[in-house]
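What follows is each chain in one-letter form.
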Amino acid sequence: MRGYLGLGSNVGDRRANLQAAIDALPGHGVIVLACSSTYDTDPVGEILDQPSFLNACARVETALAPEELLDACKAIERELGRDLESGVRHAPRPIDVDLLLLGDEPYASERLTLPHAQATNRRFVLIPLLELDFDLRTPDGTRLSDCLAAMPLDEGVRREGPPLRLPASAERSE
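About the thresholds
- Residues numbered from 1 in each chain as written.
- Predicted model: local features only at pLDDT ≥ 70, side-chain atom pairs only at ≥ 80, totals over all residues.
- Heavy atoms only, no water.
- Buried < 20%, exposed > 50% of the residue type's maximum accessible area, 1.4 Å probe, protein only.
- Helix = DSSP H or I, 4+ residues; strand = E, 2+ residues; numbered from the N terminus.
- Pairing = 2+ DSSP bridges.
- Core = buried A, V, L, I, M, F, W, Y, C linked by side-chain atoms within 4.5 Å.
- Contact = heavy atoms within 4.5 Å.

Peer 1: Sorry, what's going on with the pairing of strand β4 (residues 53–62) here?
Peer 2: If a strand is regular, its side chains alternate between the two faces of the sheet. Of all 10 residues making up β4, 9 are buried, and the element is well covered by its neighbours. As judged from the 5 bridges shared by strand β2 (residues 30–35) and β4, these two strands associate in the antiparallel manner. Within β4, the residue paired with I31 across the bridge is E61. The pairing of strand β3 (residues 38–41) with β4 spans 3 bridges and is antiparallel. Counted as the bridge partner of D40 is L54 from β4.

Put into structure tokens, the structure is as follows:
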């Protein structure tokens, strides 16, 4: 099943943290098909007084069910030093791996809603997602490019660098 992940980091070597998450995905049953450029972004949410984030998105393929893919994302966050037990939402973090979209159907459980609640209203998500697929839509047909066009320009998102490298296993299979 095709899906999209959002990645973010604002602690330590941000690009290396994002790359480490991309490199860890194949070991968790996720094939990385493409990575967006990286974007330096202003913090949003509950804690605004913190370092800026480096964000990117990845197009992936997996046989994992939505909850299993969420578990894989959380496992990678733990492996890369994120404290998931602190309970402080939107706090500074070495890595954040969010499941944004998966397949063509919406999904909802106590732990997970797809598409991700922020996928249509955060510039730092939409810009790298649309770089991967400008015609991307949510399962209900909403064009993500229309969502971006309707947003105010108050959320700072600046292209920082080239796309993240595909994991070595993905480079060999293409």
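Peer 1: Honestly, the nonpolar core in this entry has me stumped. Any pointers?
Peer 2: Soluble globular proteins tend to bury their nonpolar side chains together. I22 and V97 are the most contacted members of the largest nonpolar core, which has 26 residues in total. Looking at this core, the elements that each hand over two or more residues are β1 (2–9), α1 (14–24), β2, β4, α2 (66–79) and β5 (96–102). Here V97 is in contact with L5, G6, L7, A21, C73, I76 and E77, once residues within four sequence places are set aside. Counting 18 residues, the second-largest nonpolar core is a separate cluster that includes Y39, C57, V125 and C147.

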